[in-house]
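Chains, contacts and geometry: an overview
Listed below are the residues making up each chain.
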Amino acid sequence: MIVSHGAEALLRRTLGSLREHPPGRAEMRVTVVDSGSADGAPEMVAREFPEVRLERLANVGFSAANNLALRESGADAVLLLNPDTEVYEGTLDAALARLDADPRIGMVGVKLVTESGELDHACKRSFPTPLAALAHFTGVGRGEAAGERLGQYRATQLGDDEAGEVDAVNGAFMLCRAEAVREVGLLDEGYWLYMEDLDWCHRFWDAGWKVFYEPRARALHVKGGSSAGRRAPRQEIAFHRGMGRFYHRFDAPEHNPLLNAAVYAGIGAKLAVSLARTAVSRRI
């Protein structure tokens, strides 16, 4: 299932890759949920991909749009795929094979690569701690020399080509066991956009389901392709609200109020800087 909002050209490439590289081991049904696109994306889907099921909604947010399709799916496994991705030959079969290899694996993510061939490090992540998040967003934790503690957000304990359990995978490609989804529940619609994938992965682990990174399965991720350039103010607010929501749910109860206040203040300060940069960039 693919949630699309104003990404006609990218969505065409995604659907074309699915048509060209379907799984050989399972039947596939593709659903596109168009979330209030103002371009010709839904018309393109209906015209060029008649085999695809198309749902049209207002712009209700990523979680709510995916949940619509999740509620209606009767499949044993469901794939949440972004409209700025492309699968290759064998991608879906390798991911399905990993899901089938262990009945306690509830979710599988794949090795996401950018158009330049570099790894999208968000395809395998550890749950963020305040220190790791600070290191990541300041850039200190992104270099090869950052070490495991500062680079923890990127799950550096697991090699890029090493299969294994991780805290979280990227929402651009999340292959989920339907049984696990029924037990864990749907995506939290309190997240309009961003952070819902980390939240869902956390809840999978909390319910006893494993989240697994499978690098034998590769997919292209045109990172940020469906929201080119800097995030719009509404997206920036949603991103930072999501950070606060995630921290409040999973981390704040275990920390003292002073640390919690500092974290929330840091999120607010980061939002203010991001909005200021967006405003400046739009004037240039």
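It should be noted that the structure appears before, not after, this text.
Because the structure is predicted, anything quoted here is derived from the model rather than measured.

Details of the overall build of the chain
Check the secondary structure of the chain and you find 10 helices and 9 strands. For the chain, the spread of C-alpha atoms along the three principal axes comes to 55 × 45 × 35 Å. Each of the 284 residues in the chain was classed as buried or not, and the buried ones make up 51%. Put simply, the chain shows about 13300 Å² of open surface, and 53% of that area lies on carbon and sulfur atoms. The distance from the centre of the 34 positive side-chain charges to the centre of the 39 negative ones in the chain is 5 Å.

Re the packing of aromatic side chains
With the rule as written, the count across this model stands at 5 aromatic pairs. The interplanar angle of 40 degrees and the centroid separation of 6.3 Å between the aromatic rings of Phe127 and Phe246 together place this pair among those described as tilted. Taken together, the residues Phe127 in the loop between strand E6 (105-113) and helix H5 (130-138) and Phe246 in helix H9 (residues 233-250) connect sequence positions 119 residues apart. On the basis of an interplanar angle of 55 degrees and a centroid distance of 4.9 Å, the ring pair of Phe246 and Phe250 is categorised as tilted. You can see Phe246 and its partner Phe250 sitting in helix H9, 4 residues apart, about one turn around the helix.

Comments concerning unusual backbone geometry
Trans is the prevailing form of peptide bonds, just as negative phi is the prevailing case for residues other than glycine. Residues other than glycine seldom take positive phi values, yet Tyr194 does so here, at roughly 80 degrees. Along the chain, Tyr194 falls in the loop between helix H7 (178-184) and helix H8 (196-206). Even without being a glycine, Met195 presents a positive backbone phi close to 75 degrees.

Here's the deal with the nonpolar core
In this structure, Leu15, Met107, Phe173, Trp200 and Phe204 are the most contacted members of the largest nonpolar core, which totals 74 residues. Beyond its immediate stretch of four places on either side in the chain, Phe204 contacts Gly106, Met107, Cys176, Ala180, Val181, Val184, Trp209 and Val211.

Structural notes on the packing of H9 against helix H10 (residues 257-283)
In the contact formed by H9 and H10, the axes pass within 10 Å of each other and the chain directions differ by 170 degrees. Put simply, H9 runs roughly antiparallel to H10. In this structure, H9 contributes Pro233, Glu236, Ile237, Phe239, His240, Met243, Gly244, Tyr247 and His248 to the contact, and H10 contributes Leu259, Asn260, Val263, Tyr264, Ile267, Lys270, Leu271, Ser274, Leu275, Thr278 and Arg282.

The rules behind the values
- Residues numbered from 1 in each chain as written.
- Predicted model: local features only at pLDDT ≥ 70, side-chain atom pairs only at ≥ 80, totals over all residues.
- Heavy atoms only, no water.
- Helix = DSSP H or I, 4+ residues; strand = E, 2+ residues; numbered from the N terminus.
- Buried < 20%, exposed > 50% of the residue type's maximum accessible area, 1.4 Å probe, protein only.
- Areas by Shrake-Rupley, 256 points an atom, 1.4 Å probe, with all protein chains shown as cover.
- Lys, Arg positive; Asp, Glu negative; His and termini not counted.
- Charge placed at Lys NZ, Arg CZ, Asp CG, Glu CD.
- Phe/Tyr/Trp six-rings, centres within 6.5 Å; stacked < 30°, edge-to-face > 60°.
- Core = buried A, V, L, I, M, F, W, Y, C linked by side-chain atoms within 4.5 Å.
- Contact = heavy atoms within 4.5 Å.
- Axes fitted to C-alpha atoms, helices over the stretch in contact; angles between N-to-C directions.
- Parallel < 35°, antiparallel > 145°, perpendicular 65-115°, else oblique.

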